[in-house]
Amino acid sequence: MSSHEKPTEKPTAPRSLAEALRSRDDTALAALLRGRPDLITPVPTDLTQLATRAGTRASVVRALERLDRFAVQTAQALAVASDPATYDELLGLLAGDDRDPAVTAALPRALHLLREQALVWGADNALRLVRTARELLSPTPQHPSPTGLGPTVREATAGMSPGRIQEVVTTAGLPSTHDSVSAVAALTELFTDRARMTGLLADAPAESVEVLDRLVWGPPYGQVTADPAARLRWLLDRGLLLPTAPGTVVLPREVALHLRAGRAHRAPEPTPPPVTTAATHHPQVVDSTAAGQAYTALTTVEELLKDWDEGGPTVLRAGGLSVRDLKRTAVALDVSEPVAAFWVELAYAAGLLAPDGEADERYAATPAYDEWRELPPADRWARLAEAWLTGTRTAGLVGGRDAKDRVLSALGPGLDRSAALEVRHRVLDLLADLPEGAAPAPESVQARLRWERPPRAGDDLRARLAEWTLHEAEQLGVTGRGALSAHGRALLGADPRPPQAPAGAGPGDKLPFHHRATPPRPTPSPREQATATAAATRLLTPLLPEPLDHVLLQADLTAVAPGPLRRPLADMLGVLADVESKGGATVYRFTPGSVRRALDAGRSASDLHAFLAAHSRTPVPQPLAYLIDDVARRHGHLRVGAASAYVRCDDDALLNEILADKRSAGLRLRRLAPTVLAAQSDPAALLEGLRAMGLAPAAESAEGDVLITRAHAHRTPPRTPPEPVPDGPPTPDATLLTAAIRAIRAGDLATTTPRKPTADTPATTGGELPRTGPAETLATVQAAVLTGQTLWIGYVNAEGAASQRVIAPVRVEGGFVTAYDHTADAVRTYPLHRITGVAELADGQG
């Protein structure tokens with residue numbers, strides 16, 4: 001069937017939605033259940049129950065919200081059409097009198113979608129919108145239709161007096177009738193006759209036509225005084241405006257449609273808007289840029305968790321990170337607060353950090369973080385990217401407010417948005433459908449998403465999710481310069497060979513590109529996603545720089561790392577020096593404090609000299625060697641222990657200097673012996689105080705040995721990453737669909753199969769449970785075993801739930817009947833005392 005042909009239906013018109021569903025094959029039923037998974041939660045007992053559930057308000061609202069804009073416009077047009085409507089009437093409402101060819105071509109697809117989703121049923125000459133959908137979409141004074149149309153003439157005149165209706169009919173040039181019903185019918189016929197309406201309006205004053213022009217596209221209601229002006233009186237006398245309440249008039253639907261040339265919508269949108277290309281880059285430039293950003297993402301997450309290695313910020317009582325701690329994290333990472341919130345949430349989604357569960361609960365890295373650090377860089381990136389792509393926590397909401405006007409905090413509750421998963425996939429799918437190296441115009445992506453899923457009034461969540469997705473994909477290295485990278489395309493499981501840009505297209509060309517004529521790709525299963533992630537890892541691996549085993553030492557007490565460093569070198573250098581700047585090359589600065597930190601960790605001066613000589617491509621500068629020796633010479637000269645605290649030193653002159661220094665007043669020191677000072681502060685505070693004075697004390701144990709302070713890694717107990725919050729019931733897989741359809745078909749067979757008439761009852765189909773006595777039940781079942789007949793039974797299970805079943809008895813013994821149950825498609829055994837009754841099926845059934 002071409003796109004311009006009308007869809008065809010079976011010759012026999014169904015009388016209800018249940019009959020329409022009954023005529024579908026298994027493929028069509030599977031499409032319905034896949035598109036509306038709420039219909040099989042739980043599995044309906046038969047097709048009648050499925051139809052009833054498909055007409056409930058909650059299910060219909062959800063189904064309407066998942067339609068594209070033109071499908072919604074088609075449903076809105078059916079809601080203002082006659083019930084039932086013909087295909088030609090629907091086409092006229094959407095395409096207008098001039099039969100817009102784009103609308104004419106797109107209508108069969110939209111109508112097929114509405115039928116597939118069980119929102120419309122019936123043949124082309126009797127299309128019916130599901131009653132609940134009609135109630136939701138039909139215009140009312142309280143809920144105006146998006147079409148801008150008002151009530152019909154019949155609806156608007158329902159409260160008018162018969163005499164007034166006759167006056168309107170006569171003034172409009174129609175003969176008077178004997179009753180209001182025929183008068184309204186005559187007026188409706190006039191308003192729907194294009195030629196006669198054109199003649200009637202040709203005599204209208206210009207001021208009256210202006211009034212109609214203001215109301216024609218809605219809202220159709222207006223206010224009038226008790227003594228309307230002449231231009232309004234002319235319209236009221238002819239029924240072109242009808243009163244609905246004191247001081248209120250409405251433009252009848254038939255009049256508006258004539259003035260609109262038959263269109264229900266001012267601007268039908270039969271085709272999706274194109275995603276335009278804002279700039280085009282060479283694919284290799286895109287991939288290398290994205291790979292560089294991917295490596296930056298890894299170092300940022302490592303830096304974040306290294307900063308929290310000994311226990312991070314405390315957990316708020318309501319959960320989450322405080323505003324002050326988020327600001328501190330942003331400063332430490334040298335990023336803005338929204339970006340810091342993204343990295344914190346990403347590490348949490350990947351299972352790398354969590355609350356530690358202690359009494360004074362704090363955030364800390366999880367054991368999974370240590371495992372993650374040992375993975376190759378590409379595998380570490382894949383772990384982060386997959387967590388971002390499949391998660392529903394939304395970092396962009398941080399700093400906003402929830403429905404109760406409470407501030408939403410990073411790592412706190414209330415950040416899950418079930419739409420995030422679908423929007424992220426859809427945005428990246430649109431990028432994947434562009435030519436390689438093409439970066440989309442963000443506003444065209446937004447326009448496309450609005451067409452595919454029209455937003456509800458006042459709800460811009462999907463637009464914000466799309467904007468955040470574009471920014472986060474760039475930060476994470478899924479995209480480079482706005483274009484989807486090769487490893488990003490693989491992460492989606494998309495076609496590795498996207499369409500190519502037209503010949504001659506250059507960077508910055510505004511290239512329109514329409515989406516392929518296929519529905520959005522379904523969200524991949526965990527197994528499919530794992531396969532896609534592995535493919536992305538393979539593509540990213542050769543693009544990431546190899547870790548280096550050397551640095552360049554400089555005379556200004558700095559070291560330059562020209563690239564990423566291997567783990568042992570990076571860890572040791574992080575202790576021995578402070579990071580001064582980051583970027584393509586990292587600059588480390590050596591200070592007395594950083595050298596003392598290395599000495600506190602148990603390294604000796606000779607260890608540090610050997611380390612630098614082994615890992616520097618340049619000679620160790622003399623100032624750096626002097627710095628290490630000078631700090632080492634003073635390191636441990638003073639000893640701090642526990643009295644409350646004490647200081648001891650073999651050089652009593654140094655202790656005299658400390659006592660005389662005004663900066664030591666806060667330590668409240670006093671001399672116990674020529675080489676010992678006592679303090680009223682604890683050892684840790686005493687250490688910090690002396691170091692602030694420029695000294696290099698060392699802590700000692702109760703035995704007098706120097707305490708070596710090594711980096712302590714605080715870890716949480718094993719934690720699982722947060723689970724995504726699904727957007728309604730999950731889409732059923734093929735196995736569940738097959739089992740559900742089999743059960744629905746079998747249940748429908750039990751309720752619709754005719755049963756053989758008896759002396760007391762005529763031939764009927766299943767409705768109420770059959771009722772027979774125990775003796776008759778046993779005799780009928782025993783006879784069916786001998787003759788191979790199929791029976792219809794009523795059965796009550798152990799929980800008291802009643803059901804109808806179609807069975808083929810095989811054996812009766814010991815108070816039980818063993819039979820093949822057509823309803824369950826399995827052999828079952830039933831206690832005879834739980835069978836309420838039995839009936840033979842009509843000839844030719846079973």
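As the structure is a prediction and not an experimental result, all values here were calculated from the model.

## Comments concerning the nonpolar core
Next up, step 1: Grouped together as the largest cluster of nonpolar side chains are 92 residues, with contacts concentrated most on Phe191, Leu240 and Leu241.
Next up, step 2: With 70 residues, the next largest nonpolar core counts Ala382, Leu408, Trp468 and Ala490 among its residues.

## Here's the deal with the packing of helix 16 (residues 283–307) against helix 20 (residues 377–390)
Next up, step 1: Where helix 16 contacts helix 20, the two axes come as close as 10 Å, and the packing angle between them is 80 degrees. On the basis of the axis angle, helix 16 is roughly perpendicular to helix 20. Between helix 16 and helix 20, the contacting residues are Ala294, Tyr295, Leu298, Val301 and Glu302 on the first element and Pro377, Arg380, Trp381 and Leu384 on the second.
Next up, step 2: Looking at side-chain class alone, the contact of helix 16 with helix 20 contains 7 nonpolar, no polar and 2 charged residues.

## Brief notes about the sheet that holds strand 14 (residues 558–561)
Next up, step 1: Strand order in this open sheet of 4 strands is 13-14-16-15, and the pairing throughout is antiparallel. For this open sheet the edge positions go to strand 13 (552–554) and strand 15 (578–581), each flanked by a neighbour on one side alone. Ignoring strand direction, the axes of neighbouring strands in this sheet form an average angle of 30 degrees.
Next up, step 2: As paired elements, strand 15 and strand 16 (residues 586–589) share 3 bridges and run antiparallel to each other. Within the sheet, the bridge partner assigned to Asp578 lies in strand 16 and is Arg589.

## Considering unusual backbone geometry
Next up, step 1: A cis amide bond, omega 0 degrees, links Asp83 with the succeeding residue Pro84.
Next up, step 2: Along the chain, the position of Pro84 falls in the loop between helix 5 (69–80) and helix 6 (87–95).
Next up, step 3: Unlike most non-glycine residues, Asp334 shows phi in positive territory, near 60 degrees.
Next up, step 4: Counting through the fold element by element, Asp334 comes out in the loop between helix 17 (323–333) and helix 18 (337–349).
Next up, step 5: For Asp334, a relative accessible area of 66% puts it in the exposed group.
Next up, step 6: We note that Arg668 has phi near 55 degrees; this positive angle belongs to a residue other than glycine.
Next up, step 7: Note that Arg668 resides in the loop between helix 30 (652–660) and strand 19 (669–673).

## Concerning the sheet that holds strand 3 (residues 221–223)
Next up, step 1: The strand order across the open sheet built from 3 strands is 3-5-4, with neighbouring strands paired in antiparallel fashion. Looking at the sheet topology across the chains shown, the edges are occupied by strand 3 and strand 4 (242–245). Ignoring which end each strand starts from, the neighbouring axes of this sheet average 40 degrees apart.

## Comments concerning the packing of aromatic side chains
Next up, step 1: Here the structure, examined in full by the defined rule, presents 4 aromatic pairs.
Next up, step 2: For the ring pair Phe342 and Trp343, a centre distance of 5.0 Å and an interplane angle of 55 degrees mean the geometry is tilted.
Next up, step 3: When its relative accessible area of 3% is taken as the criterion, Trp343 is described as buried.
Next up, step 4: The ring of Trp372 has Arg380 sitting right over it, with the charged end atom 5.6 Å from the ring centre.

## Points about the environment of Lys327
Next up, step 1: On the secondary structure map, Lys327 appears in helix 17.
Next up, step 2: Residue Lys327 is classed as partly exposed on the basis of its relative accessible area of 43%.
Next up, step 3: The spatial distance from the C-alpha of Lys327 to the C-alpha of Leu553 is 33 Å, given a sequence separation of 226 residues.

## Quick look at the pattern of salt bridges
Once the charged atoms of two side chains with opposite charge are near each other, the side chains can pair.
Next up, step 1: In this structure the tally under the stated criterion is 40 salt bridges.
Next up, step 2: In this structure, Glu345 engages Arg393 in a salt bridge whose closest nitrogen and oxygen atoms are separated by 2.6 Å. Within this pair, whereas Glu345 is found in helix 18, its partner Arg393 is found in the loop between helix 20 and helix 21 (419–432), the two being separated by 48 residues in sequence. Side by side, Glu345 and Arg393 carry an identical accessibility label, which is buried.
Next up, step 3: Across the salt bridge formed by Arg715 and Asp370, the nearest N and O atoms sit 2.8 Å from each other. Highlighted residues: Arg715 in the loop between strand 21 (698–699) and helix 32 (734–752) and Asp370 in helix 19 (residues 367–373), separated in sequence by 345 residues.
Next up, step 4: For Asp370, a relative accessible area of 31% gives the class partly exposed.
Next up, step 5: One salt-bridge network, held together by shared partners, links Arg164, Glu167, Arg233 and Asp237.

## Looking at helix 26 (residues 567–576)
Next up, step 1: All of the buried residues along helix 26 are Leu569, Met572, Leu573 and Leu576. An end-on view of helix 26 places all buried positions within 100 degrees of arc, on one side of the element.

## Here we look at the confidence of the model for the chain
Next up, step 1: Across the chain, pLDDT averages 87, with 90% of residues at or above 70.
Next up, step 2: Here strand 12 (residues 511–513) stands out as the least confident element of the chain, with mean pLDDT 42; helix 18 is the most confident, with 97.

## Here we look at the pairing of strand 19
Next up, step 1: Sheet analysis places strand 19 next to strand 20 (residues 676–679), joined by 4 bridges and oriented antiparallel. Bridge pairing in strand 20 places Leu669 opposite Ala679.
Next up, step 2: Here strand 19 hands over to strand 20 after 2 residues, the two strands then running antiparallel side by side.

## Observations regarding the environment of Leu557
Next up, step 1: Mapped onto the elements, Leu557 comes out in the loop between strand 13 and strand 14.
Next up, step 2: The spatial distance from the C-alpha of Leu557 to the C-alpha of Ala625 is 9.5 Å, given a sequence separation of 68 residues.

Conventions adopted
Residues numbered from 1 in each chain as written. Predicted model: local features only at pLDDT ≥ 70, side-chain atom pairs only at ≥ 80, totals over all residues. Heavy atoms only, no water. Core = buried A, V, L, I, M, F, W, Y, C linked by side-chain atoms within 4.5 Å. Buried < 20%, exposed > 50% of the residue type's maximum accessible area, 1.4 Å probe, protein only. Axes fitted to C-alpha atoms, helices over the stretch in contact; angles between N-to-C directions. Helix = DSSP H or I, 4+ residues; strand = E, 2+ residues; numbered from the N terminus. Parallel < 35°, antiparallel > 145°, perpendicular 65-115°, else oblique. Contact = heavy atoms within 4.5 Å. Nonpolar A, V, L, I, M, F, W, Y, C, P; charged D, E, K, R; others polar. Pairing = 2+ DSSP bridges. Phe/Tyr/Trp six-rings, centres within 6.5 Å; stacked < 30°, edge-to-face > 60°. Lys NZ or Arg CZ within 6 Å of the ring centre and 35° of its normal. Salt bridge = Lys/Arg side-chain N within 4 Å of Asp/Glu carboxyl O. Arc of directions from axis to C-beta. pLDDT = per-residue confidence, 0-100.

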